[in-house]
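Chain residues, written in single-letter form:
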Amino acid sequence: MPDTLLDVRNLIAYYMTPTAPVRAVDNVSFNVTEKEILGIAGESGCGKSTLAYSILRLLKPPGYIRGGEVLFKGSDLLKIEEEELRRIRWKHISYIPQSSMNALNPVMRIEEQIGDAIINHEKISKGELRKRIEDLLVSVGLSPSVAHMYPHELSGGMRQRVVIAMAMALDPELIIADEPTTALDVVVQRGILQLLRDIRSKLKASVIMITHDMAAQAQIVDRLAIMYAGKIVEIGDANDLFNDPLHPYSRALISAIPSISEKKKLKGVPGFPPDLRSPPPGCRFYPRCPHRIPGKCNVDEPRLIEVKNDRLVACHLYR
Amino acid sequence: MVSYRKYLVERTLTFIISMFFSITIVFLVPRLAPGDPIKTALEQVIVGGGSEIEKTVEEYKRMLGLDKDLATQYIFYIKELFRGNLGYSIMYFPTPVIDIIMRAIPWSIGLLTTTTILSWIIGTFIGAIAGWRGEGSRFFNILAFIALGLYVIPYYIFAVILAYLFGYIIRIFPLSGGYTPGLMPSLNLEFILDVIWHSTLPALSIILSSLGWWFLSMRSMIINVKGEDFILMAEAKGLRKNRILWKYAFRNAILPQVTGLALSLRNVVGGALLTEVIFAYPGVGYLIFTAITNMDYPLIQGAVLFLIFTTCFLNFAIDILYPLVDPRIRYGEE
Ligand SMILES: Nc1ncnc2c1ncn2[C@@H]1O[C@H](COP(=O)(O)OP(=O)(O)O)[C@@H](O)[C@H]1O
Ligand SMILES: [Mg+2]
């Protein structure tokens, strides 16, 4: 049994609004073991980024954490002192944000920005630092000369590579990547995915890979969690889940993956996700579910339970 | 670069046309005014017989070219302007007007440059910290409120208040002049300290009136920058709050602030005319004021024209230099 690195328990994160709180992350539990890549998939707006911010304790007002625990190697990141948290950040957990377009400081050279992360956590000589930064850039397929450039001199794909290099700078145990490919055009996306796959084998870190792009998920993750309207509805081994999705939402999502070989028509998931300020009672997928059981699914909230080996599903169809 | 050339031509033409109109108006006004300003002025200065005055008036008119027709006078006037000749002062006769102005200029520029920069530094730094603390800090919210007050009050009001406060109630600063009368203007410590001492109140009034704006603009800039992704990223990197403020937030927010400083330098000559008058500070503003009270027409004309020229020129210079300096405009062209 591999060791658990991150254990998220009953995490609740809301956004304050004038009417009612947006229940963006509502009682989410999962764990990440060492050296595994966990994918988190779900439609836009289901709370994936909020989940990432909450784990990193970077959620900004009007967002706030209402409850739960984020245990990283046993200590609760939500409770530890600011200074202790500061030392864990990047050294142990790094982050690739949703839009790396704006993740780089426009008035600092690339070397300064990567260097900033390194010297903040390690004692290192100037020469070694420069060498390290150049090696990092090369490892993500960039020329070492990028070190002296400013962000505006780089293309979107290059910036994304810089951010990936930065995320690996301190050999962290966990990398949280929030939609690392969505802001890029398709060709560049493919390059970044290839890069992620390449470094995956060299990497000693665990990765939480967030995306609404199921095709991207399919290529690199070990385990997969499906999120819907602030909740995890299914989680399990990625291959198994792709081949045999159990939750009706997972099925809809996976059958919506465009497949070139089968020339299948892109179906999408019919209907719209609920307003998270007033989600439907019972199962949140109820209004869109083709297999719903009236009188049950819209009354009882299904709990996430293990229905077969390493597969948890929150659905009344499986009990 | 084509658009910049067009812009340059446009600015240059605007500058030339405004100068042409200013010169013409300054030339015409005293000549179209009823009465004979020279005679009126001389009657106040020269005590004595009428024929004496008549002769002096004739003398003056010939010297100033006033015995010719208007068109000839105008051409003569412009010719002399280009030679840097603004005529002769009446109250300091026969000192050339340009010499008197040149003596006043360093006072105005010195006072305004120093106060603008000081006020910019203070306002920018306090504003940065206030913005970083955000809207949640009570102390800084009160400060922002005060800054807003400073910003909306006209600058000469501060001069009046300070003059009253320190001139009548707490008499620790001199109320008028640029230095103690009798002291020889020179570059020794005694004179410099004396100048600083005399400049304190005028300087303070200018600083107070511009401080609010620098504070508010920097504060809102920092608040804006704080929401940027690269700040979140810096936080995720585990950097200390202070480092994030100065290396990430401040360095970005300062760019528009520097632009603001450069733009405000267009006012270094004529930015505080009334302050100079209130404190009898020997700059261009006070010079114009004394020239008016003494009906020294050539001096009024010369000083006003000079003021218009420097202000127009600084505006022009900043307008044409700015696109070359601001990278955002440059990148926009690529
Ligand atoms: N600052 C905010 N204030 C109010 N609601 C927010 C705010 N930020 C995000 N939300 C809401 O929270 C929900 C989850 O957002 P997010 O975590 O960004 O989703 P995802 O990353 O899956 O697209 C969305 O419904 C979104 O509208
Ligand atoms: Mg998101």
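Here is what the cut-offs are and how they apply
Residues numbered from 1 in each chain as written. Chains lettered and ligands numbered in written order. Predicted model: local features only at pLDDT ≥ 70, side-chain atom pairs only at ≥ 80, totals over all residues. Heavy atoms only, no water. Helix = DSSP H or I, 4+ residues; strand = E, 2+ residues; numbered from the N terminus. Rg over C-alpha atoms; globule rule 2.2 N^0.38 Å. Buried < 20%, exposed > 50% of the residue type's maximum accessible area, 1.4 Å probe, protein only. Lys, Arg positive; Asp, Glu negative; His and termini not counted. Charge placed at Lys NZ, Arg CZ, Asp CG, Glu CD. Contact = heavy atoms within 4.5 Å. Buried area = accessible area lost by both parts, 1.4 Å probe. Salt bridge = Lys/Arg side-chain N within 4 Å of Asp/Glu carboxyl O. Polar contact = N/O pair within 3.5 Å; in protein donor to acceptor, adjacent residues only side chain to side chain. Pairing = 2+ DSSP bridges. 1 Å grid on protein atoms, 1.4 Å probe; cavity = no way out; pocket = protein on both sides within 12 Å on 5 of 7 lines; lining within 4 Å. Points joined across faces, edges and corners; volume = space filled by probe spheres on them. Domains from an automatic or database assignment. Nonpolar A, V, L, I, M, F, W, Y, C, P; charged D, E, K, R; others polar.

*Asks:* Looking at this structure, how should I read the overall build of chain A?
*Replies:* When helices and strands are counted, chain A shows 9 helices and 12 strands. Over its C-alpha trace chain A gives a radius of gyration of 20 Å, about what one expects of a compact globule, namely 20 Å for 319 residues. Expressed as a percentage of the 319 residues in chain A, the buried residues total 54%. Of the side chains in chain A, 42 bear a positive and 38 a negative charge, and the two mean positions are spaced by 4 Å.

*Asks:* What exactly am I supposed to notice about the interface of chain A and chain B here?
*Replies:* Think of interface size as the accessible area that goes away when the parts come together; that is how it is often given. Between chain A and chain B, the residue contacts involve 28 residues of the former and 18 residues of the latter. Around 2,100 Å² of area is buried between chain A and chain B when both sides are counted, 55% of it from carbon and sulfur atoms. By the criterion of area lost to chain B, the three top residues of chain A are R86, V107 and D116 of chain A, representing 23% of everything that side buries. Across the chain A-chain B interface, the total number found is 6 salt bridges. The shortest N-O distance in the salt bridge between K247 of chain B and E112 of chain A comes to 3.5 Å. At the boundary of chain A with chain B, the tally comes to 13 residue pairs in polar contact (both at pLDDT 80 or more). Every element with two or more residues in the side of chain A that touches chain B is listed here: helix 2 (82-88), helix 3 (110-121) and helix 5 (156-168) of chain A. Tallying contributions element by element places helix 3 of chain A first for the side of chain A that touches chain B, with 7 residues.

*Asks:* Just checking my understanding: could you explain the environment of M227 of chain A for this structure?
*Replies:* All names here are of chain A. Summarising the element assignment, M227 is placed in strand 9 (residues 223-228). Given the relative accessible area of 0%, M227 is considered buried. Here the alpha-carbon distance between M227 and L56, two residues 171 residues apart in the chain, equals 19 Å.

*Asks:* Help me out: how do you make sense of the pairing of strand 10 (residues 231-237) of chain A in this one?
*Replies:* Successive side chains on a regular strand alternate, one facing one side of the sheet and the next facing the other. All names here are of chain A. Taking burial as the measure, the 7 residues of strand 10 include 6 buried ones, the bulk of the element. Two elements, strand 9 and strand 10, share 6 bridges in a ladder whose sense is antiparallel. Bridged to M227 within strand 10 is I232. A loop of 2 residues connects strand 9 with strand 10, the two strands running antiparallel in sequence, and A229 in this loop sits at a positive phi of about 45°. One ladder, built from 3 bridges, connects strand 10 with strand 12 (residues 311-313); its direction is antiparallel. Directly across from I235, in strand 12, lies its bridge partner L312.

*Asks:* Honestly, unusual backbone geometry in this entry has me stumped. Any pointers?
*Replies:* Backbone phi values are negative for most residues with the exception of glycine, while trans is the configuration of most peptide bonds. Residues and elements named next belong to chain A. Cis geometry marks the peptide bond from P61 to P62; its omega dihedral reads 10°. A positive phi angle is found at K35, which is not glycine, with a value near 60°. Of note, K35 is situated in the loop between strand 2 (22-33) and strand 3 (37-41). One non-glycine residue, D310, adopts positive backbone phi at about 55°. On the secondary structure map, D310 appears in the loop between strand 11 (305-308) and strand 12.

*Asks:* Just to check I follow, could you spell out empty space enclosed by the protein for this structure?
*Replies:* Empty space among the atoms becomes visible once a probe the size of a water molecule is rolled across them. Residue and element names in this part refer to chain A. Evaluation of the coordinates by the stated rule reveals 3 cavities of 30 Å³ or more. Size it by volume and the largest cavity reaches roughly 120 Å³. Lining the largest cavity we find 13 residues, and of these I37, L196, I199, L203 and V207 sit closest to its centre. Sorting the residues of the lining of the largest cavity by element identifies helix 5, strand 7 (174-178), helix 6 (186-202) and strand 8 (206-211) as the ones contributing at least two each.

*Asks:* Please clarify how the domain arrangement of chain B should be interpreted in this entry.
*Replies:* Residues and elements named next belong to chain B. Assigned domains of chain B: these are domain 1 (1-91 + 294-334) and domain 2 (104-292). One C-alpha centre belongs to domain 1, the other to domain 2; they are set 31 Å apart. Tallying the contact residues gives 18 residues for domain 1 and 16 residues for domain 2. Carbon and sulfur atoms make up 72% of the area that domain 1 and domain 2 hide from each other, which totals about 1,400 Å². Summed over the three residues of domain 1 that lose the most area to domain 2, namely L307, L314 and I318, the buried surface amounts to 31% of that side. Among the ionic pairs, D319 bridges to R266, the shortest N-O distance being 3.8 Å. Applying the counting criterion to the domain 1 and domain 2 interface returns 5 residue pairs in polar contact (both at pLDDT 80 or more). Classifying every residue of the side of domain 1 that touches domain 2 by side-chain character gives 11 nonpolar, 4 polar and 3 charged.

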